[in-house]
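Reading the structure
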Amino acid sequence: MLLSFRLAFRYLLSPEKGSFSSFSSWLAITGLGIGVASLMLTASIIHGFEITVSKKISSFDGIARLEHILGNTISFSDKKLSLFITDNSKYYDIHPFIRGMCMVRSGPNANGIIIEGANELPPRLSIDWIDSRSAKKLGQGEIILGKQLGNLLKIKDNKIIYVQYIDGTVLRKIKSFKIVGFYNSGLSEYDKTLAYIGIKDAQTLLGYNNDSVTGLVFYSKDKINQKLPNVSYPYVLETWYQRHALLFEWIQIQRWPAFIMFGLIVFVGIVNIISALSMIIIEKKAQIGILVAQGFSRSKIKMLFMMQGGLIGILGSLLGGLTALLLITLQLKFKLLTISEEIYFMDKIPMAFDKPIFMTILILSYIFCMIASWWPSKAIYKLKPAECLLYE
């Protein structure tokens, strides 16, 4: 076994100048490394996109929202609801919210938006405050807009805007608000349509009673255990994932075609190993004949070339893995590759280390390389020492 390994390593790093066996081996290693790196980068981009979108959406919606199953308002006077809040306040930060469709106007510019009234703004929402403040709370008559919505309305700092509630009646409810900040999440669906005001202002504008809200938003205090509580009729608890299930189904659908396409590059690298070993066996048939003539068993010679295929698989996988890790690290640190934020929900290509996928790619690459090495190694049993040494 040790001798077979030494010979396999020697063929890989042949000292002979212009050795075909060494040259073809390194070509196979390079091809496999490119395929492994491409597959790892694809997996990291898909995983990074999913993580980035998940964080951004959950920053708005919390881990879950409780609402009436028929879309009606809920009241804090409901004893069952009050008991539910008391029982779960140990594990969750529970905040009421109010939502409604409105029209916002700034000078000649107008746009339809969703107004959300809240006592406290989402804790993970990044806000560029016009005036410095210690807490993420809004005073009476204050509003926060998405940066993209502000650009659409051509709004400047500290400007007064007018919000009109759209309820389908002749009566118009209009209220003025002072802009105190902008947020920029990169999600156009939110940045162009969602604005935050205080919950008291939302009750006045949208016609809610003092003890009525649209629902409750949950933020987990425990990052490890995020098991949601059970709710009973007429309330329903919906997670941020369930609210955007179609988006994540689309991500899962896109995952496998991408893996298959870039997996074909790895397959080409494995085919290169088959062709390289086949040519090496032809080149080294005289040496194989000598080994057989001296009593070296054909099974050990076959193991020698399978070991060489295994070495090519290990070195190619490591080369591709290290290349992928280097590119991912550079992208995370320096943000070299940028994309359109309005289309892709982010301003740079997202990447994330997906250790299970990475290990799976490396292990499968090695296994397939060993399988690929077995096929050309069978030709050793057909070689005859007399014919191999006839012209030597």
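All of the points below concern the structure found in this document. (Residues numbered from 1 in each chain as written. Predicted model: local features only at pLDDT ≥ 70, side-chain atom pairs only at ≥ 80, totals over all residues. Heavy atoms only, no water.)

A word on helix α2 (residues 20-61)
Taking 1.5 Å per residue, 42 residues should reach 62 Å; α2 reaches 61 Å between its end C-alpha atoms and fits that length. In terms of residue burial, α2 counts as a mostly covered element, since 31 of its 42 residues are buried. One or two steps after α2, the chain reaches Gly 62, where phi turns positive at roughly 70 degrees. (Helix = DSSP H or I, 4+ residues; strand = E, 2+ residues; numbered from the N terminus. Expected span 1.5 Å × (residues − 1). Buried < 20%, exposed > 50% of the residue type's maximum accessible area, 1.4 Å probe, protein only.)

Focus on helix α9 (residues 285-293)
What α9 keeps buried is the set Ala 286, Ile 288, Gly 289, Leu 291 and Val 292. The first or second residue beyond α9 is Gly 295, which carries a positive phi of 100 degrees.

Focus on the pairing of strand β9 (residues 194-198)
Counted residue by residue, β9 has five buried out of five residues, so it is predominantly covered. Relative to β9, strand β4 (residues 109-118) runs parallel, the two being bridged by five bridges. Note that in β9 the partner of Ala 118 across the bridge is Gly 198. (Pairing = 2+ DSSP bridges.)

A word on the packing of aromatic side chains
Two numbers describe a pair of aromatic rings. These are the distance of the centres and the angle of the planes. Using the criterion set out here, one finds 10 aromatic pairs in the structure. Between Tyr 183 and Tyr 196 the ring centres are 6.1 Å apart and the planes differ by 70 degrees, which places this aromatic pair in the edge-to-face class. Pair noted here: Tyr 183 is in strand β8 (residues 173-183) and Tyr 196 is in strand β9, with a separation of 13 residues, a long-range link. Across the pair, Tyr 196 and Tyr 183 agree in class, each one buried. Centre to centre, the rings of Trp 240 and Tyr 241 are 6.0 Å apart; their planes meet at 75 degrees, and the pair counts as edge-to-face. On the basis of relative accessible area, Trp 240 is assigned to the buried category, the value being 17%. Residue classification places Tyr 241 among the partly exposed residues on the basis of a relative accessible area of 40%. Clustering of aromatic rings is evident, with ring pairs tying together Phe 60, Tyr 183, Tyr 190 and Tyr 196. Sitting above the plane of the Phe 177 ring, Lys 175 keeps its charged end 5.8 Å from the centroid. (Phe/Tyr/Trp six-rings, centres within 6.5 Å; stacked < 30°, edge-to-face > 60°. Lys NZ or Arg CZ within 6 Å of the ring centre and 35° of its normal.)

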